[in-house]
Amino acid sequence: MNEIERRRTFAIISHPDAGKTTLTEKFLLFGGQIQVAGAVKNNKIRKSATSDWMDIEKQRGISVSTSVMEFDYGDYKVNILDTPGHQDFAEDTYRTLTAVDSVIIVVDGAKGVETQTRRLMEVCRMRNTPVIIFINKMDREGRDPFDLLDELEHELQIQVRPLSWPINQGAKFQGVYNIYEQRLNLFRPDKQRVTETVEVDISSTELEAHVGDADARKLRDDLQLVEGVYPPFDVADYLDARLAPVFFGSALNNFGVQELLDCFVRIAPSPRPVAAVERIVQPDEQKFTGFIFKITANIDPNHRSCIAFCKVCSGRFERNKPYLHVAQGKTMRFSSPTQFLAQRKSTIDEAYAGDIVGLPDNGVFKIGDTLSEGEQLHFKGLPSFSPELFKYIENADPMRSKQFIKGVEQLMDEGVAQLFVKDFDGRRIIGTVGQLQFEVIQYRLEHEYNALCRWQPVHLFKACWIDADSDDELAAFKKRKYQYMAKDRDGRDVFLADSSYVLAMAQQDFEHIHFHFTSEF
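Residue numbers run consecutively from 1 along every chain, following the written order of its sequence. In keeping with the predicted nature of the model, local features appear solely for residues at pLDDT of at least 70, side-chain atom pairs appear and are counted solely at 80 or more, and the whole-chain, interface and lining totals rest on all residues. Water and hydrogen atoms were dropped before computing side-chain values, which therefore reflect all heavy atoms in the structure.

(A) Local environment of helix 11 (residues 401-413). Its 13 residues place the ends of helix 11 18 Å apart at the C-alpha level, agreeing with the 18 Å of an ideal helix rising 1.5 Å per residue. Partly exposed describes any residue whose relative accessible area lies between the buried limit of under 20% and the exposed limit of over 50%, with all areas from a 1.4 Å probe on protein chains only and scaled to the type maximum. Secondary structure elements are taken from DSSP: a helix is a run of H or I of four residues or more, a strand is a run of E of two residues or more, and numbering for both begins at the N terminus. Burial in helix 11 covers these residues: Phe404, Gly407, Val408, Gln410, Leu411, Met412 and Asp413. By this rule the span expected of a helix is its residue count minus one, scaled by 1.5 Å.

Dropping the structure here:
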């Protein structure tokens, strides 16, 4: 129980460029995992962020894959999942949210709530995940804090409660008053060191000595308004996902991050019960259960190895102990389970509920697979969404067809995109939710698998999975729509509609055929 209680597993999510990866870096800095934060924007040092380790991430300066990092902070063990903010990789982020107990949302102080933040918040609401909001970039000119808080309440549809308050912003930014601990934190821009904290009674004249008369007066007025307008902070409301605490700071300058981390480890939930199809799984059960929420190919390009990320839901995971792979009905042992700091990994002997364990995968795992000590359990909620963009993929170098096929298969296992093979002529079609995915696939095939691919245009509107109440009806449908039929990786029937009209007519003509827009049905 002690081990479970000290676990904090959370994801950092936001719109691209709000400062998610920078915040992750600073958390690692406080956890003593890295000595110098990789200046994300600084090209002189040629260091890239610790959590962006793929070549393509270093070149573009964006995250394209969720990375998993763990460190000890005080008495707590923290597991961070840094997710991609770019909407083209939203599916990876949605799946990651199934494996965490709470979320930190990063909002840019100048831009406020952006589209991607809104979407991700919807997923948190669906799953009742508690959120903390960090308003970043206070050292730049931005919007009025009260306007930002109103926008957060309106756009994210959740009550907010500031637990820290900025003293001015932009060039005049003086620091933050920590309402939660009633301390004043003075701002000195420094990317590597932490800022000084001063114990101040804000009703005394000490405050003027630190921040000057005008800012002291404004701070007192603001705090009075905060206390009058917002409900008192109640941890139970936060844990029930009814209230979001808000912090202000500047992740790049290391400011306001420690306050966020200190408060977070204290109030964030330890691992929570997880719903399986059969029953609710409690984290303190004796027996181990877990599910695969992500697969990464090529963590080590020299070995072409795949790693399956398993979220431990209950019990204790032990190295070399036999566990049941429920989908395949096989018993498996893992001699080298690992824990991560992005790409650096170390072998572990045990893990507890809430931890993320990397399992070596030679093609036996799919996203959503369950491991248990013999019980037949199925964890749901890791769907593939119906893709919106399609292209034919072809091998551009006939001498390397083996590498090409292996590369495509491993990348599809990761769930970055979906592969459909047409019944009509056997051509491969890749479906994605964003244009950038095609570039990532092409780049990784070339640089990680030594294979070249060529894209050909294909005009399609939507891919949907189909099933029917009667086999005769399904056979009739497949016969009539033969040239639009394909199979997915699991051999299920997929209907490729080339326009919204064709899809609507098919749904109208075949009443007993069910059309599904996610792969879980």
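Anyway, onward from the coordinates.
(B) Main features of the environment of aspartate 361. On the secondary structure map, aspartate 361 appears in strand 22 (residues 356-361). For aspartate 361, a relative accessible area of 7% corresponds to the buried category. Separated by 52 residues in the primary sequence, aspartate 361 and phenylalanine 309 place their C-alpha atoms 9.5 Å from one another. Any two residues whose heavy atoms approach within 4.5 Å are treated as being in contact. With sequence-adjacent residues up to four places away left out, aspartate 361 is seen in contact with Ile295, Cys306, Ile307 and Ala308.

(C) Local environment of the pattern of salt bridges. Only one rule defines a salt bridge in this text: a Lys or Arg side-chain nitrogen within 4 Å of an Asp or Glu carboxyl oxygen. Per the stated rule, a full pass over the model turns up 26 salt bridges. In this structure, arginine 7 engages aspartate 355 in a salt bridge whose closest nitrogen and oxygen atoms are separated by 2.7 Å. Taken together, the residues span a long stretch of sequence, with arginine 7 in strand 1 (residues 7-14) and aspartate 355 in the loop between strand 21 (350-352) and strand 22 at a distance of 348 residues. Each member of the pair, arginine 7 together with aspartate 355, is buried. Between arginine 492 and aspartate 490 there is a salt bridge, with the nearest N and O atoms lying 3.5 Å from each other. Taking the relative accessible area as the measure of exposure, aspartate 490 reaches 40% and is therefore partly exposed.

(D) Region of interest: the packing of helix 11 against helix 12 (residues 435-449). Helix 12 packs onto helix 11 with a crossing angle of 125 degrees between their chain directions and a minimal axis gap of 10 Å. By the angle class used here, helix 11 and helix 12 are oblique. Pair helix 11 / helix 12 crosses with right-handed handedness. Judged by residue contacts, Gln403, Phe404, Gly407, Val408, Gln410, Leu411 and Met412 of helix 11 engage Ile441, Arg444, Leu445 and Tyr449 from helix 12. When residues are sorted by character, Ala, Val, Leu, Ile, Met, Phe, Trp, Tyr, Cys and Pro go into the nonpolar class, Asp, Glu, Lys and Arg into the charged class, and all the rest, Gly among them, into the polar class. Looking at the contact of helix 11 with helix 12 residue by residue, the classes come out as seven nonpolar, three polar and one charged. Axis angles are defined between N-to-C directions and span 0 to 180 degrees, where every axis is a line fitted to C-alpha atoms and, for a helix, only to the segment in contact. Our angle categories are set so that under 35 degrees counts as roughly parallel, over 145 as roughly antiparallel, 65 to 115 as roughly perpendicular, and the remainder as oblique. Here a crossing is taken to be left-handed if its near helix is turned anticlockwise relative to the far helix by less than a right angle, and right-handed if that turn runs clockwise.

(E) Just the sheet that holds strand 27 (residues 453-457), in detail. Here a strand pair is declared whenever DSSP counts at least two bridges between the two strands. The strand order 27-24-26-25-29-30-28-31 describes an open sheet built from eight strands, whose pairing is antiparallel. The open sheet has two edge strands, strand 27 and strand 31 (513-516), and neither has a second partner. Averaged over all pairs of adjacent strands, the angle between strand axes in this sheet comes to 40 degrees, irrespective of strand direction. In the sheet, strand 25 (residues 418-422) pairs with strand 26 (residues 428-432) via four bridges, with the strands oriented antiparallel. Note on strand 26: the bridge partner recorded for valine 421 is arginine 428. Of the strands in this sheet, strand 24 (389-395), strand 25, strand 26 and strand 27 touch helix 11, which is tilted by about 150 degrees from strand 24. Here helix 14 (residues 500-509) sits on the sheet and contacts strand 28 (462-468), strand 30 (493-497) and strand 31; the angle it forms with strand 30, its principal contact strand, is near 130 degrees.

(F) Inspection of unusual backbone geometry at higher detail. At glutamine 157, a residue that is not glycine, the phi angle is positive and equals roughly 50 degrees. Topologically, glutamine 157 is positioned in the loop between helix 6 (145-156) and strand 6 (159-162). With a relative accessible area of 55%, glutamine 157 lands in the exposed category. We note that alanine 241 has phi near 65 degrees; this positive angle belongs to a residue other than glycine. Along the chain, the position of alanine 241 falls in the loop between helix 9 (235-239) and strand 11 (243-248).

(G) A look at the side chain of lysine 462. Positionally, lysine 462 belongs in strand 28. Setting aside anything within four residues of it in sequence, one finds lysine 462 in contact with Ser386, Glu388, Phe390, Phe495, Leu496, Ala497, Leu503 and Phe517.

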